Amino acid sequence: MPTNGHEIVRLENAWKVYQMGTEDVKALRGVNIMFEKGDFWAIMGPSGSGKSTMMNVLGCLDRLSDGAYYLDGKDVSQLDDDALSELRLRYLGFIFQSFNLIPQLTVQRNIELPLYYLGWDAARSAERAKELAEQVGLGDRLSHRPTELSGGQMQRVAIARALTNDPQVIFADEPTGNLDSATGVQIMDILVKLNKLGKTIVMVTHEPDIAAYAHRRLHMIDGNIDRIEEGEHRTLTAPSAGHASPPDGSRRAETFVAPGEDVTHATRKA
Amino acid sequence: MRQARIVRNIGLGVENLLLHKLRSFLTMLGVVFGVGSVVAMLSVGEGASKHALEQIRKLGSNNIILTSMKSAEEEQASTTHSHMSMYGLTYEDHRRLSESFKNIKETAPAKVMRKDASLRERAMELRVVGATPAWFHLVPRELIAGRVILQGDQDKQSPVAVLTEFGARKLLATEGTIGQTLRIGGSQFEVIGIIQSESGQAGNIQIPDQDIDVYIPLEVSQRYFGDIFAKRTAGTDEREKVELHQIIVQVDDPKNAESVGAGIERMLGMFHKKKDYAVSVPLALLKQAEATKRTFNIVLGSIAGISLLVGGIGIMNIMLASVTERTREIGIRRALGAKRKQIIMQFLIETVVLSTTGGLIGLGIGILIPALIRYFSGMPTVITMNGVLLPLFVSMAIGIVFGIYPAMNAAQVDPIIALRHE
C-alpha cells in the first residue's frame with residue numbers, strides 16, 4: 001500500500017456491522033479516511049452516526065467487519081486480540097469522558113498502569129509516573145486516590161497515564177464532556193500543547209467549541225463521512241504551528257513529552 | 001527478573017485484597033476453617049493412633065500373648081447350675097510351647113485370680129497374679145521400691161508379693177510397707193517390692209498388667225490356691241478350673257512373631273478340643289492398627305476435602321462477584337493494553353493469595369487447637385510434616401482451581417462495553 005510517510009492512520013472501505021437482536025446495525029458503511037502524523041482531528045456527528053465505533057476501531061479496541069485499517073502503514077484489521085492489546089499498549093494512548101481511572105488505585109498506580117503491562121520494574125515506573133504527574137501539575141498528588149481529586153485533576157491524571165507509553169496516537173473520547181467549561185479549556189490547552197509537541201490526536205466530541213481546537217473536523221452521519229472541515233477556528237498559540245510537523249528532538253525539552261527514552265526499546269531490555 | 005515480577009504481582013494482589021479487608025477476610029474464612037479443622041483433626045487423630053501404636057508396641061513387637069477364654073459351648077453350659085467349667089491353657093501347653101519352638105526365647109505363664117487381701121487393718125479384694133520371674137522381663141516395668149520376684153523365690157516357693165502401683169494405692173502401701181506381711185486368701189506373704197503399672201488398652205488386647213494389684217510366684221499361687229476358682233455371680237455358684245490364664249511368649253526376632261503365633265495356634269488346636277484360648281500377636285495388631293489408621297486418614301481426608309471444597313466454592317463465589325463489580329477496572333486495564341492472560345493472572349493471583357493466606361491462618365488455628373487440647377485434657381496430639389504441608393498445598397491448589405473460572409470470566413470482559421457502563 002502506498003503511504004506518503006506522514007500517514008499514521010488509514011481506513012479503506014471500512015465496514016462495521018453489529019448484530020442487534022435480529023437486525024444488523026451498520027455502524028460504519030465503507031469509510032475511507034487517512035490521518036497524518038502530528039494531526040489533530042475531531043470526529044463529530046450526532047449520536048448513532050458511528051463516531052464512537054470509528055473511535056473504537058481506530059483505537060484498536062474493535063475490529064472491522066470488512067475493509068482494512070492501516071496503523072502506521074501496517075494492516076492491523078486481521079490481528080487477534082492479543083496483538084491488538086499489544087498495539088494499544090505500545091502505540092496508543094486513551095483519554096475518556098469519564099476519566100476511567102481505577103478508583104482503588106492511587107494516582108501513581110493509575111499512571112503506572114501501562115508500564116506495569118510493559119514490564120517495567122517498580123522503581124523506574126514510579127520515577128516515570130512522578131515525572132508525568134509533575135508535567136500535568138499533579139506532582140504532589142501521587143499518593144491520592146482519584147476520588148480525592150477534582151474532575152479536571154482526574155482528567156489530567158488520565159492524560160498523564162495516556163502519555164506513559166509515549167504513544168504515537170492519543171485518542172480522546174469527549175475529554176471535556178464531564179468538566180465545566182473553564183476546566184475543559186485547561187484540558188484542551190494540554191491537548192493542544194501535546195499536539196504541538198508532535199503527538200497525533202484523535203478526539204471525538206459533539207461540542208463545536210471543543211472541536212474548534214482541532215485542525216481538522218470529520219463530520220459523520222449514518223456511518224459514513226459527511227464532510228471534512230479544515231483549519232483551526234481558534235488557537236491558543238500561533239496558528240501557523242504545523243499540524244504535520246513530525247516530532248523532532250528540538251521540542252523535547254518542553255513538558256508533556258516523554259523523555260528521550262524509547263519505550264519499546266526499553267521494554268525489550270526489561 | 002521473572003521472580004521479581006512474580007513477587008510484584010503478588011504484592012499488587014495483596015494490595016488489592018487489602019482494599020477490602022473485611023470482605024477478603026470473610027472470603028477466606030471457609031478455607032481458614034477447612035484447613036484449621038483438617039490440621040487439628042489430623043493432629044488429634046495422629047496423636048490418638050500414635051498413642052494406640054505405642055501401647056501395642058509396649059506389648060512388645062516380639063511378644064505373643066496367649067489368653068485363656070471360655071469357649072462358646074462352655075459359656076452355655078455354665079448357665080446350668082453347679083457346673084464346673086474346665087477350660088484354658090494348661091501347664092502341659094506351657095511345657096510343650098517351650099519345647100516345640102526353637103524361635104521362642106522365653107515364656108511367662110500366669111494365673112490370675114481375685115482374692116481377699118489385707119494389709120494391717122486395710123482389707124479388700126485384690127487381683128492377684130501368679131507369675132514367674134520371666135514375667136518381669138517380658139513386661140518390664142520400673143521398680144518403685146524393693147525388688148521383683150526372682151528365680152530364688154520360685155525355687156524356694158517363698159511366699160513373697162510384689163505390689164503394683166494400683167495395688168499399693170488400694171492398700172495405702174508405701175515404701176515402708178516392704179517387709180511387712182500381706183494376707184492373701186488367708187495366707188501370709190511378705191511384701192518385697194512395688195512396681196509401676198501401665199494402664200490402658202492396646203488395640204483390642206489388654207496390657208498384660210492391666211488392673212493387676214499384686215504378683216506372687218506362680219508355684220506358690222498354685223500350691224496355696226489350686227486351679228479351681230469359685231465365682232459367685234448373681235446367685236449361682238459357679239466354679240472354674242483354669243490352670244493358666246495367660247502365657248506371654250517372646251520370640252527371638254519380631255520377624256518370627258507372626259509365624260510362631262500361627263504355629264502356636266496350630267499346636268494348641270491339636271490338643272484343645274474346644275477353642276478355649278486366644279492367640280494375639282501384637283505385631284499383627286500393630287499392622288492392623290496401622291491399616292485402621294490409614295482408613296481413618298482417608299475418612300478424615302474426605303471430610304477435609306469436603307470442607308475445603310466448600311471453602312473453595314465460597315472463594316469462587318466472591319471472586320465472581322468481584323469480577324462483575326470490577327468490570328470497569330478490567331475494561332480500563334484491557335483498553336490500556338493488558339492482554340487476556342494478564343487479566344487472568346491478576347485474578348488468579350488474588351485468589352491464590354486469598355486461599356493461601358486462609359490456609360496459613362487455618363494452619364495457625366489448626367496447630368493452636370491441638371495444643372490447647374493437649375494442655376487441658378492431656379490427650380496426645382501430634383503435628384506431622386504432612387499434616388502441615390498437605391493442607392497448605394491443598395489451599396493453594398484450591399485458589400488455582402476455584403480461581404480459574406472467575407479469572408476466565410474477567411478476561412472475557414469486552415473493554416468497549418465495560419468502559420461504556422457507568
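This one's a predicted model, so the numbers in the text were calculated from it and none came from an experiment.

## Quick notes on the overall build of chain B
Piece 1. When helices and strands are counted, chain B shows 14 helices and 15 strands.
Piece 2. Whereas a compact globule of 422 residues would reach a radius of gyration of roughly 22 Å, chain B reaches 33 Å, over 25% beyond that.
Piece 3. Oriented by its inertia axes, the alpha-carbon framework of chain B measures out at about 105 × 50 × 50 Å.
Piece 4. The buried share of chain B, taken over its 422 residues, is 42%.
Piece 5. Long-range pairs, those at least 24 residues apart, make up 82% of the contacts in chain B between residues at least 6 apart in sequence.

## Structural notes on the interface of chain B and chain A
Quoted interface sizes are often the accessible area lost when the parts come together.
Piece 1. Tallying the contact residues gives 18 residues for chain B and 20 residues for chain A.
Piece 2. Ranked by residue count, the leading element in the side of chain B that touches chain A is helix α11 (residues 327-335) of chain B, at five residues.
Piece 3. In the side of chain B that touches chain A, the residues fall into nine nonpolar, two polar and seven charged.

## With respect to the nonpolar core
Generally speaking, nonpolar side chains in soluble globular proteins are found buried as a group.
Piece 1. Judged by nonpolar contacts, the single largest core of 114 residues is most densely connected at Trp41(A), Ile43(A), Ala158(A), Phe171(A), Leu191(A) and Val202(A).
Piece 2. In terms of residue count, helix α2 (residues 21-58) of chain B provides more of this core than any other element does, ten residues in total.
Piece 3. Aside from chain neighbours lying at most four places away, what touches Phe171(A) is Met55(A), Leu58(A), Gly59(A), Leu92(A), Phe94(A) and Val202(A).
Piece 4. Membership of the second largest hydrophobic core comes to 61 residues, among which are Val191(B), Tyr215(B), Val260(B) and Leu268(B).

## A closer look at the packing of helix α10 (residues 282-325) of chain B against helix α13 (residues 385-411) of chain B
Residue and element names in this part refer to chain B.
Piece 1. Taken N-terminus to C-terminus, the directions of α10 and α13 make an angle of 30°; their axes are 9 Å apart at the nearest point. With respect to α13, the axis of α10 lies roughly parallel. Once α10 is placed against α13, the crossing between them reads as right-handed. Two secondary-structure elements touch here, α10 through Leu 308, Gly 311, Gly 312, Ile 313, Ile 315, Met 316, Met 319, Leu 320 and Val 323 and α13 through Val 394, Ile 398, Val 401, Phe 402, Gly 403, Tyr 405, Pro 406, Asn 409 and Ala 410.
Piece 2. Of the residues that constitute the contact of α10 with α13, the class distribution is 14 nonpolar, four polar and no charged.

## A few points about the sheet that holds strand β1 (residues 7-20) of chain A
Residues and elements named next belong to chain A.
Piece 1. Spatial strand order, β2-β1-β4-β5: four strands in an open sheet with antiparallel pairing. The sheet is open, and its two borders are formed by β2 (23-36) and β5 (74-75), each paired with just one other strand.
Piece 2. When strand β4 (residues 66-71) meets β5, the two strands line up antiparallel, connected through two bridges. Looking across to β5, one finds that Tyr 70 is bridged to Asp 75.

## Considering the pairing of strand β14 (residues 246-251) of chain B
Residues and elements named next belong to chain B.
Piece 1. Across the six residues that make up β14, a large majority, five, are buried.
Piece 2. The sheet contact formed by strand β1 (residues 63-68) and β14 spans five bridges and is antiparallel. Within the sheet, the bridge partner assigned to Ile 64 lies in β14 and is Val 249.
Piece 3. Relative to β14, strand β3 (residues 104-119) runs antiparallel, the two sharing six bridges. Across the sheet, the residue bridging to Ala 110 is Gln 246, located in β14.

## Section: the confidence of the model for chain A
All names here are of chain A.
Piece 1. Summing up the model confidence of chain A, the mean pLDDT is 84 and the portion of residues at 70 or higher is 84%.
Piece 2. Within the model, the stretch residues 235-254 combines pLDDT values under 50 with 25 contacts to residues more than four positions away or in other chains.
Piece 3. Here residues 257-270 is modelled with pLDDT under 50, and outside its nearest four sequence neighbours on either side it reaches 16 contacts, counting other chains as well.

## Re helix α4 (residues 122-135) of chain A
An α-helical turn contains 3.6 residues, so any two residues separated by three or four positions project in the same direction.
Residues and elements named next belong to chain A.
Piece 1. Given a rise of 1.5 Å per residue, 14 residues ought to cover 20 Å, and the 20 Å separating the end C-alpha atoms of α4 matches this to within 8%.
Piece 2. Residues of α4 that are buried: Ser 125, Arg 128, Ala 129, Leu 132, Ala 133 and Gln 135. One face of α4 carries all of its buried residues, which in axial projection span an arc of 155°.
Piece 3. Against the buried residues of α4 lie α3 (107-118) and α5 (151-163).
Piece 4. Just past α4, the residue Gly 137 takes up positive phi, approximately 75°.

## A word on the sheet that holds strand β7 (residues 169-173) of chain A
Across a sheet, strands are paired by hydrogen bonds formed along the backbone, either parallel or antiparallel in direction.
Residue and element names in this part refer to chain A.
Piece 1. One open sheet accounts for six strands, arranged β6-β7-β8-β3-β9-β10; its pairing is mixed. Strands with a single pairing partner mark the edges of an open sheet, and in this sheet they are β6 (92-95) and β10 (224-230). Within the sheet, the average angular offset between the axes of one strand and its neighbour, ignoring direction, is 20°.

## Brief notes about the environment of Gly34(B)
All names here are of chain B.
Piece 1. With respect to the helices and strands, Gly 34 occurs in helix α2.
Piece 2. For Gly 34, a count of 30 C-beta atoms within 10 Å gives the class buried.
Piece 3. Through-space distance from the C-alpha of Gly 34 to that of Leu 308 is 4.9 Å; in sequence the pair is 274 residues apart.
Piece 4. Those residues in contact with Gly 34, other than ones at most four positions away along the chain, are Ala 304, Ser 307, Leu 308, Val 310, Gly 311 and Gly 362.

## Focus: the pairing of strand β3 (residues 40-44) of chain A
Residue and element names in this part refer to chain A.
Piece 1. With respect to burial, β3 is a largely interior element, five of its five residues being buried.
Piece 2. Burial along β3 is two-sided: the residues Phe 40, Ala 42 and Met 44 and Trp 41 and Ile 43 are all buried.
Piece 3. Relative to strand β8 (residues 200-204), β3 runs parallel, the two being bridged by four bridges. Its bridge partner being in β8, Phe 40 is matched across the sheet by Ile 201.

## Concerning helix α2 (residues 81-91) of chain A
Piece 1. Taken residue by residue, α2(A) has Leu84(A), Ser85(A), Arg88(A), Leu89(A) and Tyr91(A) as its buried positions.
Piece 2. Packing partners of the buried residues in α2(A) comprise β6, α3 and β7 of chain A together with α11 of chain B.

## Concerning the environment of Arg227(A)
Piece 1. Mapped onto the secondary structure, Arg227(A) falls in strand β10.
Piece 2. For the pair Arg227(A) and Arg217(A), spaced ten residues apart in the sequence, the C-alpha separation amounts to 8.2 Å.

## Points about the environment of Ser280(B)
Piece 1. Relative to the elements of secondary structure, Ser280(B) occurs in strand β15 (residues 277-280).
Piece 2. Separated by 101 residues in sequence, Ser280(B) and Gly179(B) place their C-alpha atoms 37 Å apart.

Calculation criteria
- Residues numbered from 1 in each chain as written.
- Chains lettered and ligands numbered in written order.
- Predicted model: local features only at pLDDT ≥ 70, side-chain atom pairs only at ≥ 80, totals over all residues.
- Helix = DSSP H or I, 4+ residues; strand = E, 2+ residues; numbered from the N terminus.
- Rg over C-alpha atoms; globule rule 2.2 N^0.38 Å.
- Buried ≥ 20, exposed ≤ 12 C-beta atoms within 10 Å, placed from the backbone.
- Contact = placed C-beta atoms within 7 Å.
- Nonpolar A, V, L, I, M, F, W, Y, C, P; charged D, E, K, R; others polar.
- Core = buried A, V, L, I, M, F, W, Y, C linked by C-beta atoms within 7 Å.
- Axes fitted to C-alpha atoms, helices over the stretch in contact; angles between N-to-C directions.
- Parallel < 35°, antiparallel > 145°, perpendicular 65-115°, else oblique.
- Left-handed = near helix turned anticlockwise from the far one by under 90°.
- Pairing = 2+ DSSP bridges.
- pLDDT = per-residue confidence, 0-100.
- Expected span 1.5 Å × (residues − 1).
- Arc of directions from axis to C-beta.

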